[in-house]
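In case you want the letters, here they are:
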Amino acid sequence: MLFLPRSCITRTLASQAKKRPSRLDRTISLDHFLQRGRALSLWRTIVRGCRRISDPNSREETLRFARDEFKRNKEVKDITQIRYLISTGKTQWENMERYIDGL
């Protein structure tokens, strides 16, 4: 029977342990960081604006639509596409606000 010193066993087990993924691997560029802030700002504007919709069904439908659009485009990484989506979202929301204010 072979006996190994305790330190050898500990080192062996420690080296076999799974390493946690580093959070630093997921750093984003400054431009992505700025666009993320703009997307969050647009989201907050939409949520606040939806509070002005008097009909509960329309309010829920509008929020659901916005939430689904944000979720659908969550994984977009191309900065040009992100800018386009934010610009389009702002335009759509401004058109919707005109309709809301007209009610």
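Placed above this text is the structure.
Being a predicted model, the structure only gives us computed values, none of them experimental. (Residues numbered from 1 in each chain as written. Predicted model: local features only at pLDDT ≥ 70, side-chain atom pairs only at ≥ 80, totals over all residues. Heavy atoms only, no water.)

Counting eight residues, the largest nonpolar core is built from L42, I46, C50, I53, L63, A66, W93 and I100. At three residues, the largest contribution of residues to this core is made by helix α2 (residues 30–50). Discounting residues that sit within four places of it in the chain, A66 has contacts with W43 and I46. (Core = buried A, V, L, I, M, F, W, Y, C linked by side-chain atoms within 4.5 Å. Buried < 20%, exposed > 50% of the residue type's maximum accessible area, 1.4 Å probe, protein only. Helix = DSSP H or I, 4+ residues; strand = E, 2+ residues; numbered from the N terminus. Contact = heavy atoms within 4.5 Å.)

With that settled, the discussion passes to the environment of R59. Looking at the element boundaries, R59 is found in helix α3 (residues 56–72). Residue classification places R59 among the partly exposed positions, given a relative accessible area of 28%. In this structure the C-alpha to C-alpha distance between R59 and G49, which are ten residues apart in sequence, comes to 9.5 Å. Aside from chain neighbours lying at most four places away, what touches R59 is C50, R51, I53 and S54.

Okay, the packing of α2 against helix α4 (residues 79–102) next. Helix-helix packing is described using two parameters, namely the angle between the two axes and the distance between the axes. Two elements in contact, α2 and α4, have axes separated by 10 Å at closest approach and are oriented at 15°. Taken together, the axes of α2 and α4 lie roughly parallel to each other. Remark: the crossing between α2 and α4 carries left-handed chirality. On α4, the residues that touch D31, H32, Q35, R38, A39, L42, T45, I46, G49 and C50 of α2 are I79, I82, R83, I86, G89, K90, W93 and I100. Of the residues that constitute the contact of α2 with α4, the class distribution is nine nonpolar, five polar and four charged. (Axes fitted to C-alpha atoms, helices over the stretch in contact; angles between N-to-C directions. Parallel < 35°, antiparallel > 145°, perpendicular 65-115°, else oblique. Left-handed = near helix turned anticlockwise from the far one by under 90°. Nonpolar A, V, L, I, M, F, W, Y, C, P; charged D, E, K, R; others polar.)

Secondary-structure assignment places I79 in helix α4. Taking the C-alpha atoms as reference points, I79 and H32, separated by 47 residues in sequence, lie 6.7 Å from one another. When neighbours within four sequence positions are excluded, I79 is seen to be in contact with D31, H32 and Q35.

Right, let's talk about the environment of L63 for a bit. Tracing the sequence through the fold places L63 in helix α3. The contact partners of L63, leaving out residues within four places of it in the chain, are V47 and C50.

With that settled, the discussion passes to the packing of α2 against α3. At a minimum axis separation of 10 Å, α2 and α3 run at an interaxial angle of 170°. Taken together, the axes of α2 and α3 are roughly antiparallel relative to one another. The segment α2 lies against α3, with A39, L42, W43, I46, V47 and C50 engaging R59, T62, L63, A66, R67 and F70. When grouped by side-chain class, the residues that make up the contact of α2 with α3 number nine nonpolar, one polar and two charged.

With that settled, consider α4. In this model, α4 (24 residues) spans 35 Å end to end at C-alpha, consistent with the 34 Å of a helix rising 1.5 Å per residue. Among all positions of α4, only I79, I82, I86, G89, W93 and I100 are buried. Among the structural elements, α2 and α3 are those in contact with the buried residues of α4. (Expected span 1.5 Å × (residues − 1).)

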